[in-house]
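Single-letter residue listing:
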Amino acid sequence: MSDQSGRYPYLWGVSQQGQVWFREGIQPRVPEGTSWEEVEVPREVAQLSAGPGDLLWALLWDGNLLVRTGLSLDSPTGISWLEVESPSKEVEALHVAVGVSVVWVVTKDFKVWFRRGVNSHNPCGSGWISIGGEMMMVDVGLNGQVWAVGEDRGLYFRMGVTQAEPSGNGWIPVSAQWGINKELIPPRDECEFSGHLTETSQGSAPSGTDSDSELGPTNLEHSATPVLEAAAPSIVPLGGGDPSAPPQEVKQPSSASQQDAPKAFIPASDSFINSLVSDRDRTSTTQPSITEMPQEDGVELPPAPVLPTLPATGHDVPFMNVDLEGAGAARSAQAAGRSLSDVLGTLENSQGIGEEDGPVWAWVSGGGCDVDASSRISWLSSTGPLSSSLSLTPVQSAAWSEQPQKPQHQEITRKPLERSNSVWVRKGALRWWRDWKPQRWVDVGVALEQSTKSDGRKDSIFFVYYTQYDEKKYLQVFINEVTALVPVLQDCHYTFAVYTAERTKQRWPLILAAPSGKEMNDWLDLLSDCCCEWRGIAGAPTKQALWSTTSKGDIMVHEPPLSLEAAAHPVACDLMFWRQIPGHLRCIESNSLGLVWGIGWDGTAWVYSGSFGRQPSSVNPEIHLQTDVRSVHVYENQRWNPMTGYTDKGLPTDRPMWSDESGLKECTKGSTHPPSPQWSWVSEWAVDFSVPGGTDKEGWQYAADFPTTFHGHKTMKDFVRRRRWTRRCKITVRGPWKMVPPIHLSDISLMPCLTQSKMEQVPVWALSDKGDVLCRLGVSPQNPAGSSWLHVGTDQPFKSISIGGANQVWAIARDGAVFYRGSVSPQNPAGECWYHIPSPPRQNLRQLSVGRTSVFAVDDNGNLWYRQGLTPSYPQGSAWELISNNVTKVSVGPLDQVWIIAEGVPGFPTETPGSVCHRLGVGPMAPKGLSWDYGIGGGWEHISVRGNSAEPLRGPVPPPGGPSRSPALQRPAAQVNGSAVCV
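If you're wondering where the values come from, they're calculated on a predicted model, not measured in any experiment. Residue numbers here run from 1 along each chain, matching the order of that chain's written sequence. The predicted nature of this model means local features are confined to residues of pLDDT at least 70 and side-chain atom pairs, given and counted, to a pLDDT of 80 or more, with totals for whole chains, interfaces and linings taken over all residues. The side-chain numbers reported here are obtained from all heavy atoms of the structure, hydrogens and water having been left aside.

Undergrad: Kindly report on the overall build of the protein chain, identifying the contributing residues and their values.
TA: Only DSSP runs of H or I reaching four residues or more are called helices, and only runs of E reaching two or more are called strands; each is numbered from the N terminus. A tally of helices and strands in the protein chain yields six helices and 58 strands. Throughout, exposure labels follow a simple rule: accessible area from a 1.4 Å probe, protein chains only, divided by the maximum for the residue type, with under 20% read as buried, over 50% as exposed, and the rest as partly exposed. A buried classification covers 54% of the 983 residues belonging to the protein chain. Across the protein chain, every contact between residues at least 6 apart in sequence was considered, and the portion connecting residues at least 24 apart equals 61%. Per-residue accessibility takes into account occlusion by the displayed protein chains alone, with areas from the Shrake-Rupley method and a 1.4 Å probe. Of the roughly 43,400 Å² of accessible surface on the protein chain, a fraction of 53% belongs to carbon and sulfur atoms. Every residue pair with non-hydrogen atoms within 4.5 Å of one another is taken to be in contact.

Printed below as a string of structure tokens:
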């Protein structure tokens, strides 16, 4: 701030305590001034902004604004403060910028506001005007010109700012290129498959670091100063900088805490912004606008019935700039490490070193830069993404899908094509999880367009229309590229994910949320019907189908081609198409005779009725009412205090006093909700006494520290304790499932068989929720539910069971011991006796699966084991051999094919656990296979391939070419009957 002559500047400052200070005595001979004078303020101030004249605004910590009145040469500190409310009552102000007679404000939802009527006589102004665009901060330069840092952390300039129109008319990007290079250091992968044994962790804290990296020496020949260069006439991706720019050099290594915490956008010298931005992920609230932007007809896409497409002439859908996949910089940067949410769990991301393709701008000041409106400045080119446009007419989807795919984030031009019989199938309004930083929910319009080819085949494209910085864009997904439509869990919304092969590889599905469960199901049904129609899939799943369940309880089915298990050229997992079957299950098992059994979360057994209905109805006798109940847990944690005993006041490094089981996430009883809106509470919170390890009479478990093994009795060395609280919730759906009463089950297995096999009765083995072994009698394709249960005696409870070819029954006891059931046959379905099989050394097995001639098992540490030496004369085998780690479930089919649910995917440390993986190279000469192929994932719970018995055409296995999709495995030592020997 300066006086009228401009010779004597006035300096204002804010302390860290929120006090306002004025610097006295500044003059040309004493530029540093003489002393500080405190100016009283009613509440703590977070930021000040002073104009070149007599305008001074302050931003309070509570989000409101103060205006200093009475500023003059005689009274440089002014007279009093007047308070001005934030532009929105629901959202607090984040930043204020003042010019000569203008005031700009950014609120915490990144909306930009202009204060009208501001002048020397009325410094408070008269009202707020909503300005388009989403910005982190703004700065007013000479002649009222405005510069800004966008929410995508790109630089922007306000066009059209004049004395007559001080608010301007649009944002254009500043093509600023970072003048140094960047070396990408690949993060250390912690979820990669390997042949190394994963040992049990003894009292080790869970690591919060997803990757470690070491940075090379910085190139000192380059300057760290941003360099402005001429922009090419092509579109500049938002937040990405110039595409031709060399990569940046990473300046600082990031620790685990830096990766987990929200990244600060503002330098440390302006710490108030750091605190204000720290809650930038808060749910945005719609802002009331004084001046409403004119809306065109096609922006809002309400639900509508099937309508014929209007003629191309004179009817352009008003969404202009084509953005096929979003922000290019964000996608290419995070292709090496990305979680989606969840997908079926959470959608939080951690950004690693070197993931930004362009400069990450945090602050801009244009106080010394005056842009002449008549000049043509290369780095303020009007051909940037906020001003160029491409007319988007109703699309000829069939013709588009046949055109070669161009690289993402380039402007796409297409000549007018001869129209076919194109119709809009449906339009609507959903919410889209924007999958580049900063991630958040965005209101979008969606449309599914279907066209008919000359041969009568229908093709469809799914569009997602959104607006960014006043620019209307869209994403498109070709229906013939969709591989899965999966309901997901996030923010208690009715949310679903759209997968394609490319999005599966990148672990980056398209996440959409509907306002209601009915609308979500309608969209899922419509999109699934289009996908199935294009692939020629109709009706009930075939007998060879692969079945799977997600952690949410949804049932997914894949129709396998003959080449799925081909030795030479198997179908890649990311190309597999999964469709949803109505119902809700925790696990599922099948065989090639069309029998399918499942178990709910409450232990209820269900059998597939053999029909498939996308529209369940009580009229259809094969569609039944299905219910499921599960428990939700939170943990109460306490630490010992010598003065008061156990208390909820922990150390600064302790887990939250209310948390989930891992202790990494804070979960209170009040903030914990059912898994999804389809679930409803059926009980109140209660202490859970059935916790593994036991509890005392009040439900507490004790340990020396977090997080170690807890036990149910207190000792002198126990300084922490925890207690589990549980609450039950229930879901009710309709599906082709018939309940099998009355025993609740924990595991089930159907004997696999070849396609040509004929059996009067199919052996079915199961475990009750108490660990009893059961054999189901009378099961056949004509009577899939069977007739009765036969109890098989054991001397201890079991936790896993599997029956393979030739009536081989294997089981695992709850203490980890392995057993083989002898003399099982069609004439003696329960067998004679149990044979104890030694477990792998220092490992407790938890789940196994038996194929035609092979047995695979998973231990408590996620290691996958193969049983060697199985022969008809010695079916117990001779030794366990380690195959891989990072495994949660395994399924072995009738062809001895091996599929697993993997804990994680190499290269994606933040991926939600649970991914479908296929073991490649399995054959008679290589029963253990060679490598892994990763498929869809992020919340998959269980898979069964025991129905796929279609043998592929056999041929020579070609030598592996190209980079392997999994690391080379070391050949470990084998263990023979409890003794380790070298083989």
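Structure's up, so let's keep going.
Undergrad: Would you mind going over the environment of A501 in detail, with residue names and values included?
TA: Its location among the elements puts A501 in helix α5 (residues 501-506). Overall, the relative accessible area of 16% leaves A501 in the buried class. Beyond its immediate chain neighbours, meaning those up to four positions away, A501 contacts E481, T483, D574 and L575.

Undergrad: Outline the nonpolar core, listing residues and values.
TA: Only buried residues count toward a nonpolar core. Its members are Ala, Val, Leu, Ile, Met, Phe, Trp, Tyr and Cys residues joined through side-chain atoms within 4.5 Å. One finds W104, M135, V138 and W171 to be the most contacted residues of the largest nonpolar core, which totals 31 residues. Every element with two or more residues in this core is listed here: β8 (93-98), β9 (103-107), β10 (111-116), β11 (127-140), β12 (146-150), β13 (155-159) and β14 (170-173). Looking at which element gives the most residues to this core, the answer is β11, with seven residues. For V138, the contacting residues outside a window of four places in its chain are H95, A97, W104, V106, V146, W147, A148 and W171.

Undergrad: Quick rundown of unusual backbone geometry? Include the residues and the values.
TA: Residues F706 and P707 are joined by a peptide bond in cis, for which omega reads -20°. Relative to the assigned elements, P707 resides in the loop between β37 (700-703) and β38 (720-735). Residues P741 and P742 are joined by a peptide bond in cis, for which omega reads -5°. Secondary-structure assignment places P742 in the loop between β39 (737-740) and β40 (745-750). Even without glycine at this site, S823 takes up a positive phi of about 65°. Examined against the element boundaries, S823 turns out to sit in the loop between β46 (818-822) and β47 (833-837).

Undergrad: Help me get a handle on the packing of aromatic side chains, residues and values and all.
TA: Working definition: rings of Phe, Tyr and Trp (its six-membered ring) pair if their centres are within 6.5 Å, and the pair is stacked with planes under 30 degrees apart, edge-to-face with planes over 60 apart, and tilted otherwise. For the coordinates displayed, the defined rule picks out 29 aromatic pairs. Between W147 and F157 the ring centres are 4.6 Å apart and the planes differ by 55°, which places this aromatic pair in the tilted class. With W147 in strand β12 and F157 in strand β13, this pair connects stretches of sequence that are 10 residues apart. Accessibility expressed as a relative area gives 6% for W147, which makes it buried.

Undergrad: How would you sum up the UniProt feature "domain: Peroxin/Ferlin" (unreviewed entry) in the protein chain? Please name residues and give values.
TA: UniProt positions are given in the numbering used here, feature names are shortened, and annotations may be inferred rather than shown by experiment. Feature annotation in UniProt places "domain: Peroxin/Ferlin" (unreviewed entry) on residues 627-688 and 699-732, given in this structure's numbering. The annotated region residues 699-732 carries 0% helix and 50% strand content, and the separation between its end C-alpha atoms amounts to 31 Å.

Undergrad: With reference to specific residues and values, describe the sheet that holds strand β29 (residues 587-590).
TA: By the convention used here, strands pair only if DSSP detects at least 2 bridges between them. Strand order across the open sheet formed by four strands is β29-β30-β31-β39, with antiparallel pairing between neighbours. Strands with a single pairing partner mark the edges of an open sheet, and in this sheet they are β29 and β39. For this sheet, the mean inter-axis angle between neighbouring strands, taken without regard to orientation, is 25°. Here strand β30 (residues 596-599) pairs with strand β31 (residues 605-608) via three bridges, running antiparallel. Residue G598 lies in a different strand from β31, and its bridge partner there is W606. In this description, a line fitted to the C-alpha atoms serves as the axis of each element, helices being fitted only across the stretch in contact, and the angle between N-to-C directions of two axes falls anywhere from 0 to 180 degrees.

Undergrad: Tell me about the sheet that holds strand β42 (residues 773-777), and please be specific about residues and values.
TA: Spatially, β40-β41-β42-β43 is the arrangement adopted by the four strands of the open sheet, whose pairing is antiparallel. For this open sheet the edge positions go to β40 and β43 (788-792), each flanked by a neighbour on one side alone. For this sheet the average axis-to-axis angle between neighbouring strands, irrespective of direction, equals 30°.

Undergrad: Lay out the state of the cysteines with the relevant residues and their values.
TA: Structurally, a disulfide amounts to a covalent bond that connects the sulfur atoms of two cysteines. The criterion for a disulfide is a pair of cysteine sulfur atoms lying within 2.5 Å. The final tally for this structure, using the stated rule, is zero disulfides. For the unlinked cysteine C530, the closest cysteine sulfur is that of C531, found at 6.9 Å. Accessibility expressed as a relative area gives 8% for C530, which makes it buried.

Undergrad: I'd like a description of the side chain of T77, backed by residues and values.
TA: Structurally, the position occupied by T77 is in the loop between β6 (65-69) and β7 (80-84). A relative accessible area of 14% means that T77 is categorised as buried. Filtering out sequence-adjacent residues up to four positions away, T77 remains in contact with W12, F22, E37, V39, R68 and L71.

Undergrad: Residues and numbers for helix α6 (residues 517-535), please.
TA: Every helix has an expected span of 1.5 Å times one less than the residues it contains. Taking 1.5 Å per residue, 19 residues should reach 27 Å; α6 reaches 27 Å between its end C-alpha atoms and fits that length. Residues G517, E519, M520, W523, L524, D525, L527, S528, C530, C531 and C532 constitute the buried set of α6. Within two residues after α6, G536 carries a phi angle of roughly 75°, on the positive side.

Undergrad: Hey, could you go over the pattern of salt bridges for me, with residue numbers and the actual values?
TA: We define a salt bridge as a side-chain nitrogen of Lys or Arg found within 4 Å of a carboxyl oxygen belonging to Asp or Glu. For the structure on display, the rule yields 20 salt bridges. The salt bridge involving E83 is made with R43; its shortest N-O contact spans 2.8 Å. In this pair, E83 is assigned in strand β7 and R43 in the loop between β3 (35-39) and β4 (45-50), connecting sequence segments 40 residues apart. The exposure class assigned to E83 is partly exposed, which follows from its relative accessible area of 44%. The closest approach of N and O atoms between K928 and E881, which form a salt bridge, is 3.0 Å. Of the two residues, K928 sits in the loop between β54 (915-920) and β55 (931-937) while E881 sits in strand β51 (residues 879-884), which places them 47 residues apart along the sequence. With a relative accessible area of 3%, E881 lands in the buried category. Each of K111, E134, E151, R434 and R440 takes part in salt bridges that share partners, so that together they form one network.

Undergrad: How would you explain the confidence of the model for the protein chain if you had to name every residue and give the values?
TA: Detail in the predicted coordinates should be disregarded across regions flagged by low pLDDT. On a range of 0 to 100, pLDDT expresses the predictor's confidence in each residue. Of all residues in the protein chain, 71% attain a pLDDT of 70 or more, and the chain-wide mean is 76. The low-confidence segment residues 181-191, where pLDDT is below 50, has 34 contacts with residues more than four positions distant or belonging to other chains. For the stretch residues 201-356, pLDDT sits under 50, and the model shows 360 contacts to residues farther than four places along the chain or on other chains.

Undergrad: Account for the pairing of β12, naming residues and giving values.
TA: Of all five residues that make up β12, five are buried, and the element is covered over most of its length. Of the two faces of β12, both are covered, the one formed by V146, A148 and G150 as well as the one formed by W147 and V149. Pairing of β11 with β12, which is carried by five bridges, proceeds in the antiparallel orientation. Its bridge partner lying in β12, V140 is registered against V146. The hairpin formed by β11 and β12 contains five residues between the paired strands, and N143 there has a positive phi angle of roughly 60°. The sheet contact formed by β12 and β13 spans three bridges and is antiparallel. The residue of β13 that forms the bridge with A148 is Y156. Linkage of β12 to β13, two consecutive antiparallel strands, is achieved through a turn of four residues, within which R153 is found at a positive phi near 65°.

Undergrad: So what's going on with the side chain of D109? Which residues, and what values?
TA: Along the chain, D109 falls in the loop between β9 and β10. In this tally, Lys and Arg are treated as positive and Asp and Glu as negative; His is ignored, and so are the chain termini. Here D109 sits buried without a salt bridge, and the closest side chain of opposite charge, K111, lies 5.7 Å off (N-O distance).

Undergrad: Pulling in residues and values, what's your account of the environment of W597?
TA: Residue placement: W597 occurs in strand β30. Taking the relative accessible area as the measure of exposure, W597 reaches 0% and is therefore buried. With 143 residues separating them in the primary sequence, W597 and V740 have C-alpha atoms 9.5 Å apart. A polar contact is formed between the side chain of W597 and the backbone oxygen of P784, at a distance of 3.1 Å. Throughout this description, a polar contact denotes any pair of N or O atoms lying within 3.5 Å of each other; where both atoms belong to protein, one of them has to be capable of donating a hydrogen while the other can accept it, and for residues adjacent in sequence the pair is counted only when both atoms sit in side chains.

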